[in-house]
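Per-entry structural report
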Amino acid sequence: MVPISVFERTVTTRDAGETRALGAALAAFAQAGDVLCLEGELGAGKTQLAKGFGAGLGIDDPIVSPSFILMAEYRGRLPLFHLDLYRLGGAAEALDGGLLDEREGGGVTVVEWAERLGAARPAGRLDVIIEGSGDEPRSIRLRPTDTNHRRYLAVVR
């Protein structure tokens, strides 16, 4: 059996528009119950990717980082649950606050600052690791942690 970790792809985006376009392309593969865990430093483009993902789901509402409300819900082809864990100290705060629950199974959950969940991250997910900030290009690694999320890799040929 081949380890899942060999099934990953890296994409380079040169600006926010390309990062949003990648998000929109990923959304074409979205299915109910999917979880995308976004990681990267402040200003890396996590919210830009989430905006593109929302647009790809047909969401017309402006998607903004829910840093102060922690979670925003949007209606599109699938419901989008957009979480931002930047202000949280760790997984216990997210879990105790009910930010991750069974109703999200009917839509797609996109989690910014997902590394704050640590071992509490869902076992089945697509990790999206963004490296770079400012005006430099972004290196975006797509790493599925299960066979179900491998379909997202089709966005990168």
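Described in the following lines is the structure provided in the data block. None of the values given here were measured: they were computed from a predicted structure. (Residues numbered from 1 in each chain as written. Predicted model: local features only at pLDDT ≥ 70, side-chain atom pairs only at ≥ 80, totals over all residues. Heavy atoms only, no water.)

Let's talk about the overall build of the chain
Looking only at helices and strands, the chain features three helices and seven strands. Helices and strands in the chain line up, N terminus first, as β-α-β-α-β-β-α-β-β-β. The buried share of the chain, reckoned over its 157 residues, is 46%. Of the contacts formed within the chain by residues at least 6 apart in sequence, a portion of 65% connects residues at least 24 apart. Summing over all exposed atoms, the chain offers an accessible surface of approximately 7400 Å²; the carbon and sulfur share of this is 53%. (Helix = DSSP H or I, 4+ residues; strand = E, 2+ residues; numbered from the N terminus. Buried < 20%, exposed > 50% of the residue type's maximum accessible area, 1.4 Å probe, protein only. Contact = heavy atoms within 4.5 Å. Areas by Shrake-Rupley, 256 points an atom, 1.4 Å probe, with all protein chains shown as cover.)

Some points on the pairing of strand β2 (residues 35–39)
Buried residues dominate β2, accounting for five of its five residues. Of the two faces of β2, the one holding V35, C37 and E39 and the one holding L36 and L38 are both buried throughout. In this structure, β2 lies alongside strand β5 (residues 108–112), joined through four bridges in parallel fashion. Residue pairing for β5: L36 is matched across the bridge by V110. Direction of pairing for β2 relative to strand β6 (residues 126–131): parallel, over a ladder of four bridges. Bridging across to β6, C37 finds its partner in D127. (Pairing = 2+ DSSP bridges.)

Thoughts on the side chain of R125
Note on placement: R125 falls in the loop between β5 and β6. Residue class for R125 comes out buried when judged on its relative accessible area of 12%. A polar contact is formed between the side chain of R125 and the side chain of D127, at a distance of 2.7 Å. Setting aside residues up to four positions removed in sequence, R125 forms contacts with V35, C37, R143, P144, T145, D146 and H149. (Polar contact = N/O pair within 3.5 Å; in protein donor to acceptor, adjacent residues only side chain to side chain.)

Re the packing of aromatic side chains
Taken as a whole and assessed by the stated rule, the structure comprises zero aromatic pairs. Sitting over the face of the ring of W113, K46 holds its NZ or CZ atom 4.1 Å from the ring centroid. In this structure, R150 packs its charged tip against the face of F7, placed 3.9 Å from the ring centre. (Phe/Tyr/Trp six-rings, centres within 6.5 Å; stacked < 30°, edge-to-face > 60°. Lys NZ or Arg CZ within 6 Å of the ring centre and 35° of its normal.)

Topic: the nonpolar core
Core analysis: the largest hydrophobic core is formed by 28 residues, its most contacted members being L36, F53, L57, L80, V110, V128 and L142. At the level of secondary structure, the elements contributing two or more residues to this core comprise α1 (16–27), β2, α2 (46–56), β3 (71–74), β5, β6 and β7 (138–144). Apart from the residues within four sequence positions on either side, L142 is in contact with F7, E8, R9, V11, L26, L126, D127, V128, Y152, L153, V155 and V156. One finds C37, F81, L85 and A114 within the second-largest nonpolar core, a separate group that totals nine residues. (Core = buried A, V, L, I, M, F, W, Y, C linked by side-chain atoms within 4.5 Å.)

Quick notes on the pairing of strand β4 (residues 80–84)
In terms of residue burial, β4 counts as a mostly covered element, since five of its five residues are buried. Where burial is concerned, the two faces of β4 agree: the one with L80, H82 and D84 and the one with F81 and L83 are both buried. Across five bridges, β4 lies against β5 in parallel orientation. Residue pairing for β5: H82 is matched across the bridge by V110.

Shape descriptors only; they carry no functional weight alone.
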